[in-house]
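Letter by letter, the chains look like this.
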Amino acid sequence: MPFRTPKFLYDESMPKRRLDNLYILTVTKGDNREAVYRSWNAHKHLEHLHPSVRVHVLTDEPYFFENMNCYTCPKNFTTAASKYKARALEWYRQTMRYTEHDWVLHLDEESVIDDESVKRVLEFIWYEHDYHWGQGVILYNQYHYWKNWIFTVADAIRVGDDLARFQLQYSYFHRPIFGAHGSFLLSNGAVENEVTWDLGSLTEDYEFAMQAWALGYKCGKVPGFIREQSPMDLIGFLKQRRRWYVGIMRLPHFLPKMWAMFWTIGSLSLYGTVASIPLGLI
């Protein structure tokens, strides 16, 4: 198991933080039924690991998934600012009535977590008393790995980000200086109740992290990983990146805008490098 450094070797004699419920929540729009059932079949046994574990699926009306613990956000539910995924998460938060002894592990519809990483999540909750939310590493080899080498390489860069910048912020700064992911986001119920998901950003995960930082909540590294899949086609890939870029640029904070500026410069540098190949031959 990665990251099993002395810092993460816990002793049963250490005082445990109280845990009533750990919701492993898969969030989906509802139209990719194959991915949802694939994730559910990989997760449904996790409730046997500990009495606190609850495996749920959250979707939007009119979608509903049979033979699983499915929660459907109704169409008539409205908030002041949130849309799409954030709106569903806000409905779920209000429905479940979190307390400070509840935790939520947010996953995307294609995300899969194994038993060992769930145990690391439980240890983070029990023993990392200074931190109220955290994240681990996301790998992109869950399904159709290397089916398209361009998307696989593009997402391999994101894994490098997780192992470098994101692990740096969670290990030493304990603040979301570089951002946050919406998947493998582990958060305490008290944090979610204070920040809420009534957020107007397209990148609600980053805005949630920034709001939690502003309220004084610290984040830590979860010593585990989940597996996801890369986009299946070029249109999906471009829409995903566009949403991130536009959402980050619109956040009312200095740091996100600065990282978006570097992202722009990096893209221009990439295009210049590619163009230099045929120009150099000429």
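**Student:** Describe in detail the overall build of the protein, supporting the description with residues and values.
**Tutor:** The number of helices and strands found in the protein is eight helices and seven strands. Over its C-alpha trace the protein gives a radius of gyration of 19 Å, about what one expects of a compact globule, namely 19 Å for 282 residues. Taking the principal axes of the C-alpha coordinates as reference, the protein spans close to 65 × 45 × 35 Å. Evaluated residue by residue, the protein yields a buried proportion of 49% over its 282 residues.

**Student:** How would you sum up the nonpolar core? Please name residues and give values.
**Tutor:** Ranked by size, the top nonpolar core spans 32 residues in total, and within it Leu22, Ile24, Leu105, Ile113, Val121 and Leu186 carry the most contacts. Setting aside anything within four residues of it in sequence, one finds Ile24 in contact with Leu46, Val53, Arg54, Val55, His56, Leu105, Leu107 and Val118. Counting residues in each nonpolar core, the second largest holds 27 residues, with Tyr23, Phe77, Leu199 and Ala209 among its members.

**Student:** Summarise the pattern of salt bridges; cite the residues concerned and give the values.
**Tutor:** One pass over the full model with this rule turns up ten salt bridges. We note a salt bridge from Glu66 to Arg33, for which the minimum N-O separation is 3.2 Å. Separated by 33 residues along the polypeptide, Glu66 in the loop between strand E2 (53-60) and strand E3 (70-73) and Arg33 in helix H1 (residues 33-43) bring together distant segments of the chain. Glu66 gets classed as partly exposed once you look at its relative accessible area, which sits at 40%. Across the salt bridge formed by Glu116 and Arg120, the nearest N and O atoms sit 2.3 Å from each other. One end of the pair, Glu116, and the other, Arg120, are both in helix H3 (residues 115-127), four residues apart, so they sit about a helical turn from each other. Judged by relative accessible area, which is 32%, Glu116 ranks as partly exposed.

**Student:** Can you break down the environment of Gln169 residue by residue, with the values?
**Tutor:** Tracing the backbone through its elements, the reader meets Gln169 in helix H4 (residues 149-173). Looking at Gln169, the relative accessible area reads 0%, which means it is buried. Residues Gln169 and Lys221, spaced 52 residues apart in sequence, show a C-alpha to C-alpha distance of 8.5 Å. Excluding anything up to four places from it in sequence, Gln169 contacts His174, Arg175, Pro176, Ile177, Phe178 and Gly179. For Gln169, the side chain forms a polar contact with the side chain of Tyr170, separated by 3.4 Å.

**Student:** Requested: an account of a nonpolar patch on the surface, with residues and values cited.
**Tutor:** Judged by side-chain polarity, Tyr145, Trp146, Trp149, Ile150 and Val153 come together as a nonpolar surface patch covering roughly 580 Å² of accessible area. Within the fold, Ile150 resides in helix H4. Take Ile150: its relative accessible area is 48%, and that puts it in the partly exposed class.

**Student:** Quick rundown of the packing of H4 against helix H7 (residues 234-250)? Include the residues and the values.
**Tutor:** At a minimum axis separation of 12 Å, H4 and H7 run at an interaxial angle of 25°. As the angle between them shows, H4 and H7 are arranged roughly parallel. Between H4 and H7 the crossing geometry is left-handed. Contacts between H4 and H7 involve Phe151, Ala154, Asp155 and Arg158 on the former and, on the latter, Leu234, Phe237, Gln240, Arg241 and Trp244. Looking at side-chain class alone, the contact of H4 with H7 contains five nonpolar, one polar and three charged residues.

**Student:** Could you give me a rundown of the side chain of Ser82, with the residues and numbers involved?
**Tutor:** By the secondary structure assignment, Ser82 is in the loop between E3 and helix H2 (84-96). In this structure the side chain of Ser82 is engaged in a polar contact, spanning 2.4 Å, whose partner is the side chain of Thr79. In contact with Ser82, not counting residues within four places along its chain, are Arg87, Trp197, Asp198 and Leu199.

Rules and cut-offs
- Residue positions are counted from 1 within each chain, in the order its sequence is given.
- The model is predicted, so local features are restricted to residues of pLDDT at least 70 and side-chain atom pairs to those at 80 or more, both for listing and for counting; the totals for chains, interfaces and linings are taken over all residues.
- Where side-chain values are given, they derive from all heavy atoms of the structure, hydrogens and water being excluded.
- Under the scheme used here, helices are H or I runs from DSSP no shorter than 4 residues and strands are E runs no shorter than 2 residues, and both carry numbers assigned from the N terminus.
- A radius of gyration in this sense is built from C-alpha atoms; the matching globule rule multiplies 2.2 Å by the number of residues raised to 0.38.
- The rule is simple: take the accessible area with a 1.4 Å probe, protein chains only, and divide by the maximum for that residue type; under 20% is buried, over 50% is exposed, in between is partly exposed.
- Only buried Ala, Val, Leu, Ile, Met, Phe, Trp, Tyr and Cys residues count toward a nonpolar core, and they belong to the same one when joined by side-chain atoms within 4.5 Å.
- Residue contacts are counted whenever heavy atoms from the two residues lie within 4.5 Å of one another.
- Salt bridges are identified by distance alone: a Lys or Arg side-chain nitrogen within 4 Å of an Asp or Glu carboxyl oxygen.
- N or O atoms closer than or at 3.5 Å make up a polar contact, with two conditions inside protein: a donor-capable atom paired with an acceptor-capable one, and, for residues adjacent in sequence, both atoms drawn from side chains.
- Two joining distances apply to patches: 9 Å for like charges and 5 Å for nonpolar side chains (Val, Leu, Ile, Met, Phe, Trp, Tyr), and every residue must have over 30% relative accessible area and no salt bridge.
- Throughout, the Shrake-Rupley method with a 1.4 Å probe supplies accessible areas, and for residues the shown protein chains are the sole cover considered.
- For every element, the axis is a line fit to its C-alpha atoms; helices are fit only across the contacting stretch, and the angle between N-to-C directions ranges from 0 to 180 degrees.
- Every angle not falling under 35 degrees, over 145, or within 65 to 115 is termed oblique; those three ranges are roughly parallel, roughly antiparallel and roughly perpendicular.
- For any pair of crossing helices, the crossing counts as left-handed if the nearer helix is rotated counterclockwise from the farther one by less than a right angle, and right-handed if it is rotated clockwise.
- Note that Gly is not counted as nonpolar here; it falls among the polar residues with everything else outside the nonpolar set of Ala, Val, Leu, Ile, Met, Phe, Trp, Tyr, Cys and Pro and the charged set of Asp, Glu, Lys and Arg.

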